Amino acid sequence: MQKLLNETLSQKEADQIWAELEIACYRLSKQETKYLSFQELYHGAYKLIIHKYSDMTHDNLIKTFQVIINEQVSKIGYESVGDFIKIFEDVKSFSQHISGVFLYMEKNYLIPKKQKTFQQIIFELFKTKCFDDQGLSNRIVQSLLSIVKQDRTGQQSDKNKLKAALQILIDLNQKTLFKNNQYKIDVEYIQNEEFYKNQFERKYLNETQKFYKDEFQQYINQSLWVEDFIKKINERYQQEKQRMQYFPKCSHIKIQDTFIKSTIQQYYPDIIQKGQGLFEFLANNQINIVIEIYKLFVLNDEAFNAFSLAFHQYVASTGKEILRNNQNVLEDFIELYNRVLSINQQLQLYGSQEQKFLLDKQIKDSLCSVVNSSNQIMQQLSKYFDELLKKGINDSQIETGFNIFKLIYSKDSFELMYRKGLCSRLLDGNSVSEDQERLLINRFKVECGSVMTMKMEIMYQDIFKSNNEYLEYKFYLDSKRIQSDFEIKILSQGNWPIKEQNNFALHEDLQYLKTLYDNYYINHHSKRKLFWCYHLGFVNIKGSFDQKKELVCSVLQANILLFFNQLRTFKVQSLVQLIGQEQEIIQQEIQPMIQLGLLIQNGDVLQLNTKFSHRSSKLKLQRLKVKQEQLNNDNDTKELILDRKLYLESLIVRIMKARKQLTHDELLIEVEKLYKFFVPDQQLFKGCVESLIWKDYMVRDGVSSYVYKA
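Residues numbered from 1 in each chain as written. Predicted model: local features only at pLDDT ≥ 70, side-chain atom pairs only at ≥ 80, totals over all residues. Heavy atoms only, no water.

A look at the overall build of the protein
The helix and strand tally for the protein stands at 31 helices and eleven strands. Against the compact-globule benchmark of 27 Å for 710 residues, the protein has a radius of gyration of 47 Å, which places it well outside the compact range. The C-alpha extent of the protein, read off along each of the three principal axes, is 155 × 70 × 50 Å. The burial tally for the protein puts 45% of its 710 residues in the buried class. Entry remark: accessible area of the protein is about 39000 Å², with carbon and sulfur atoms responsible for 48%. (Helix = DSSP H or I, 4+ residues; strand = E, 2+ residues; numbered from the N terminus. Rg over C-alpha atoms; globule rule 2.2 N^0.38 Å. Buried < 20%, exposed > 50% of the residue type's maximum accessible area, 1.4 Å probe, protein only. Areas by Shrake-Rupley, 256 points an atom, 1.4 Å probe, with all protein chains shown as cover.)

Side note on the pairing of strand β7 (residues 605-608)
Of the two faces of β7, the one holding L606 and L608 is buried and the one holding V605 and Q607 is not buried anywhere. Note that strand β5 (residues 569-571) and β7 share three bridges and pair antiparallel. Looking across to β7, one finds that K571 is bridged to V605. Of the pairings in the sheet, the one linking strand β6 (residues 599-602) to β7 comprises four bridges and is antiparallel in character. (Pairing = 2+ DSSP bridges.)

Brief notes about the nonpolar core
Counting residues in each nonpolar core, the largest one holds 84 residues, and the members touching the most others are F297, F307, F311, F333 and F414. If we skip the residues at most four places from it in the chain, F414 touches M378, L381, S382, F385, F405, I408, F444 and M452. Grouped together as the second largest cluster of nonpolar side chains are 65 residues, V91, I121, A165 and Y196 included. (Core = buried A, V, L, I, M, F, W, Y, C linked by side-chain atoms within 4.5 Å. Contact = heavy atoms within 4.5 Å.)

Quick look at the sheet that holds β6
Paired through backbone hydrogen bonds, the strands of a sheet run either parallel or antiparallel to each other. Spatial strand order, β5-β7-β6: three strands in an open sheet with antiparallel pairing. In this open sheet, the two edge strands, each paired with only one partner strand, are β5 and β6. Neighbour-to-neighbour, the strand axes of the sheet open up by a mean angle of 25°, direction not taken into account. Strands in contact with helix α26 (residues 572-579) are β5, β6 and β7; relative to β5, the strand with the most contacts, it is inclined by about 80°. (Axes fitted to C-alpha atoms, helices over the stretch in contact; angles between N-to-C directions.)

Re helix α22 (residues 434-448)
For α22, with 15 residues, the first-to-last C-alpha span of 21 Å sits near the 21 Å given by 1.5 Å per residue. Listing the buried residues of α22 in full gives E437, L440, I441, F444 and C448. Buried residues of α22 fall within an arc of 100° about the axis and therefore sit on the same side. Exposed positions of α22 whose direction lies more than 90 degrees from the buried face are D435, L439 and V446. Those residues of α22 that are buried are in contact with α19 (376-391), α20 (395-405), α21 (411-428) and α23 (450-479). Among the residues of α22, the N-terminal cap falls to S433, whose side-chain oxygen and the backbone nitrogen of D435 are separated by 3.3 Å. (Expected span 1.5 Å × (residues − 1). Arc of directions from axis to C-beta. Polar contact = N/O pair within 3.5 Å; in protein donor to acceptor, adjacent residues only side chain to side chain.)

Looking at the side chain of D171
Note that D171 resides in helix α9 (residues 159-171). The charged side chain of D171 is buried without a salt bridge, its nearest counter-charge being K92 at 4.9 Å. With near-sequence residues (within four places) excluded, D171 lies in contact with F88, F123 and Q191. (Lys, Arg positive; Asp, Glu negative; His and termini not counted. Salt bridge = Lys/Arg side-chain N within 4 Å of Asp/Glu carboxyl O.)

Considerations on helix α2 (residues 11-29)
The terminal C-alpha atoms of α2, which comprises 19 residues, lie 27 Å apart, in line with the 27 Å expected from a rise of 1.5 Å per residue. When α2 is considered as a whole, its buried residues turn out to be A14, I17, W18, L21, A24, C25, L28 and S29. End-on, the buried residues of α2 take up no more than an arc of 130°, which puts them together on one face. The outward face of α2, more than 90 degrees from its buried face, is lined by the exposed residues K12, Q16 and I23. If you follow the buried residues of α2, they end up packed against α3 (38-50), α4 (54-73) and α5 (80-101). Directly beyond the C-terminal end of α2, a positive phi value near 65° is found at Q31.

Describing the sheet that holds strand β8 (residues 618-620)
Strand order across the open sheet formed by three strands is β3-β4-β8, with mixed pairing between neighbours. Two strands bound the open sheet, and with one partner strand each, they are β3 (538-544) and β8. Each strand axis lies, on average, 20° off the axis of its neighbour in the sheet, ignoring direction. Docked against the sheet, helix α25 (residues 555-563) engages β3 and β4 (548-554), running at close to 130° with respect to β4.

A closer look at unusual backbone geometry
Notably, K52 is not glycine yet its phi reads approximately 70°, a positive angle. Position of K52 relative to the elements: it lies in the loop between α3 and α4. On the accessibility criterion, K52 (75% relative accessible area) is exposed.

Description of the pattern of salt bridges
Any two side chains of opposite charge can pair, so long as their charged atoms come close to each other. Under the criterion given, the structure shown has 24 salt bridges. Residue K159 pairs with D151 through a salt bridge whose shortest N-O separation is 3.4 Å. Accessibility expressed as a relative area gives 21% for K159, which makes it partly exposed.

Examining the packing of α5 against helix α7 (residues 118-131)
Between α5 and α7, the least distance of the axes is 9 Å, while the angle of their chain directions is 155°. The pairing of α5 with α7 is recorded here as roughly antiparallel in orientation. Relative to α7, α5 is oriented so that their crossing is right-handed. Residue-level contacts link F84, I87, F88, V91, K92, F94, S95, I98 and S99 of α5 to F118, Q119, I122, F123, F126, C130 and F131 of α7. (Parallel < 35°, antiparallel > 145°, perpendicular 65-115°, else oblique. Left-handed = near helix turned anticlockwise from the far one by under 90°.)

Side note on the pairing of strand β11 (residues 705-708)
Relative to β11, strand β9 (residues 661-663) runs antiparallel, the two sharing three bridges. Following the sheet pairing, L662 is matched in β11 by Y706. Of the pairings in the sheet, the one linking strand β10 (residues 698-700) to β11 comprises three bridges and is antiparallel in character. Bridge pairing links R700 to Y706 in β11. Here β10 folds back onto β11, and the loop between the two strands holds four residues, one of which, G702, carries a positive phi near 90°.

As for the packing of aromatic side chains
Summed over the entire model, instances satisfying the criterion amount to 49 aromatic pairs. Aromatic side chains F216 and F229 sit 5.6 Å apart centroid to centroid with 80° between the ring planes, which places their arrangement in the edge-to-face category. Linking F216 in helix α10 (residues 194-221) with F229 in helix α11 (residues 226-243), this pair joins segments that are 13 residues apart in sequence. Ring centres of F545 and F612 lie 5.5 Å apart, and the angle between their planes is 70°; on these two criteria the pair is classed as edge-to-face. Within this pair, whereas F545 is found in the loop between β3 and β4, its partner F612 is found in the loop between β7 and β8, the two being separated by 67 residues in sequence. (Phe/Tyr/Trp six-rings, centres within 6.5 Å; stacked < 30°, edge-to-face > 60°.)

Take a look at the structure:
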């Protein structure tokens, strides 16, 4: 090294060395490496650099590269893609040889000055020569597009050539990144896709859009069935996905979006509405085609939103039709619910997490709109639970019923209906299992909170206490040596859904039993008051006819029959006066006895049939049932409003106690976050706020702000 530095190199000697290097460059471009000694070439290039001939060498190399590149590019013939790839590979090999021969110059002259490397210089010359020539550039791009077109039309095509050529377009535009290390500067090549995008990608996307738009418009003009249309789109989409592997990754999303916009986004309204559309597929339970439609529609937001809306409309319209038929409403809705749930479970396998959430919410909203559009489903759901708990519980049926219950907005209205069924089961003792009853109540409690189940739990406590009370009463009667088969249940007022009715005058036999218990109860519970509910009780009466019979009847029916112990004949009006009940109700109560033949009516006169006979020894007379319309009267509405008001006021107080000060809108938002029992309306909310202000729980601060008052 020291020897070379001490030597001098004249201009003539430098020109001679360059002449040898120039000849070597031409031979390297022709792959004639067997005639060259790379060690001698490297040594000659090294001498030029260390003797300050770097600028001359650099300029001469650029001129030589231009001649070589021009000669190479001129070889690109009619088969543009194949020639383009082959010549680029030769140019790339040439650049690697040059970088090796002039390695010292590149490391110590170009890179320190942050100039372009030899590879970058050669690639840029090749790129300029190929693509500044408009004719050659168009020939290359059109050849690439024709490969894709041949593949789309089912012709034989060489997609590997396409992949190689597109990668060349990216390699030709490499950028250099210089990194400063402690003792040297390193260079890193970074891919830049801009040249590829400008030269090919934009044209390819335009061609793709035009191709698919024309193709699928022909299918529309041919009135192709929706099923076949979807299959065509799906086939083309799968083909396009397979073809994308030959394109740079930067184009994958754009190619997919272009396909989607040209097919799915363009024609989704026709798929949903035209002829055999989505509604018909859902109605006919053609789930496979619905799934195929959805798998494509999740690829586009507009199509997905249209699908979700159409699904919502289908569920809502089918639900309205079920309600309109007015027969087997709950049974038909459960069938719809299970079918929609099954479809949704299959659709949830596709799409993004956000789309899964939105579709699930849309379906739930549609089911809620059906359930809450009238009270029919709510009423029948209450009966559905009542029948299950009387006949025997099936876990899947209970689960289905509970899922429908969760769709109900006014859960307090349902609670009142359910409590009426529970009341009947507790009083009549016809529930299959107390454990199952309590299990279902506990599920209501978990879903809606203790507010919903509080009265139900008190009802169970009443029955438990009442049973203990009855045992104590029996012990009391035994101690007094009084014989009485008189069972009674004590219910706490306000928790049982019992409509108060006007009581009537009892026959002396029944009155004796009542008075006996009244005296006992007053002595043991001096601060309590009993109100008798005759309409909920029943009486077992033994009758002696030609055969002994046992009659199970209502208290009013028993009361009427006991009067016939004194006289065998009564006028209806006389019974009305004796009992103190309306004639219409008396007539309703005696009707089952007349139909059975126990009483004989002749005009306004009733006569006991002393020769009454029946094949059964124990007969159950039909009891007077309070009509459903009576149970859902204004009293129920008032009870609901009062309960809602109390619940909402307690909720507002709890929120204000924690937050101290809130605006009207902020308070409403907080309430809506916490409520589970019903949907509060603005009028009720404002009324509760005014009531709490009047009660000094909070005060106004300005026009629309409230402050908690401790």
